[in-house]
Amino acid sequence: MLKSVGVQWALAGHSERRVIYGETDDYINSQCVKLIEEGMSVMLCIGESLAEFEQDLAGSVCAVQLKKGLKGIAKEDLDKVAIAYEPVWAIGTGKVAT
């Protein structure tokens, strides 16, 4: 449906959806795979919570989200994926993501 109205890109893994709707890495991966199968591109959002950031876990959290988000996506389809670093704590807190 989205592609039929000209949409070429979609977000998956937005931090607010992860938090509010409980979207898991596996669910987000299924979205990524489906979008690519349907001929669209996907922006995979990854990022840690404030607690994870304060525990210096940002790198490991993002690595897991990236690995799980890209699972099953063929190497030749990676040009259809963009990665957005979007930490949960950076939204509305006044803190700057670096």
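Here, every reference points to the structure presented above.
What you see is a predicted model; the values in this text were computed from it and never measured.

J.: Could you give an account of the state of the cysteines, with specific residues and numbers?
T.: The full count for this structure, using the stated rule, is zero disulfides. No disulfide involves Cys32; its sulfur sits 9.1 Å from the nearest other cysteine sulfur, which is in Cys45. You can call Cys32 buried: its relative accessible area is 1%. Judged by its relative accessible area of 3%, Cys45 is buried.

J.: Describe a nonpolar patch on the surface, listing the residues and the values that go with them.
T.: On the surface, Trp9, Leu11 and Met43 cluster together into a nonpolar patch covering about 290 Å² of accessible area. Its location among the elements puts Leu11 in strand E1 (residues 9-12).

J.: Let's hear about the environment of Gly22: which residues, and what values?
T.: By the secondary structure assignment, Gly22 is in the loop between helix H1 (15-20) and helix H2 (25-37). Put simply, Gly22 and Cys32 are ten residues apart on the chain and 17 Å apart in space, counted from C-alpha to C-alpha.

J.: Which residues make up the pairing of E1, and what values go with them?
T.: The alternating pattern of E1 places Ala10 and Ala12 on a buried face and Trp9 and Leu11 on a face that is not buried. One ladder, built from four bridges, connects E1 with strand E2 (residues 41-46); its direction is parallel. Across the sheet, residue Trp9 finds its bridge partner in E2, namely Ser41.

Parameters and conventions
- Residues numbered from 1 in each chain as written.
- Predicted model: local features only at pLDDT ≥ 70, side-chain atom pairs only at ≥ 80, totals over all residues.
- Heavy atoms only, no water.
- Disulfide = S-S within 2.5 Å.
- Buried < 20%, exposed > 50% of the residue type's maximum accessible area, 1.4 Å probe, protein only.
- Patch = residues over 30% accessible without salt bridge, like charges linked within 9 Å, V, L, I, M, F, W, Y side chains within 5 Å.
- Areas by Shrake-Rupley, 256 points an atom, 1.4 Å probe, with all protein chains shown as cover.
- Salt bridge = Lys/Arg side-chain N within 4 Å of Asp/Glu carboxyl O.
- Helix = DSSP H or I, 4+ residues; strand = E, 2+ residues; numbered from the N terminus.
- Pairing = 2+ DSSP bridges.

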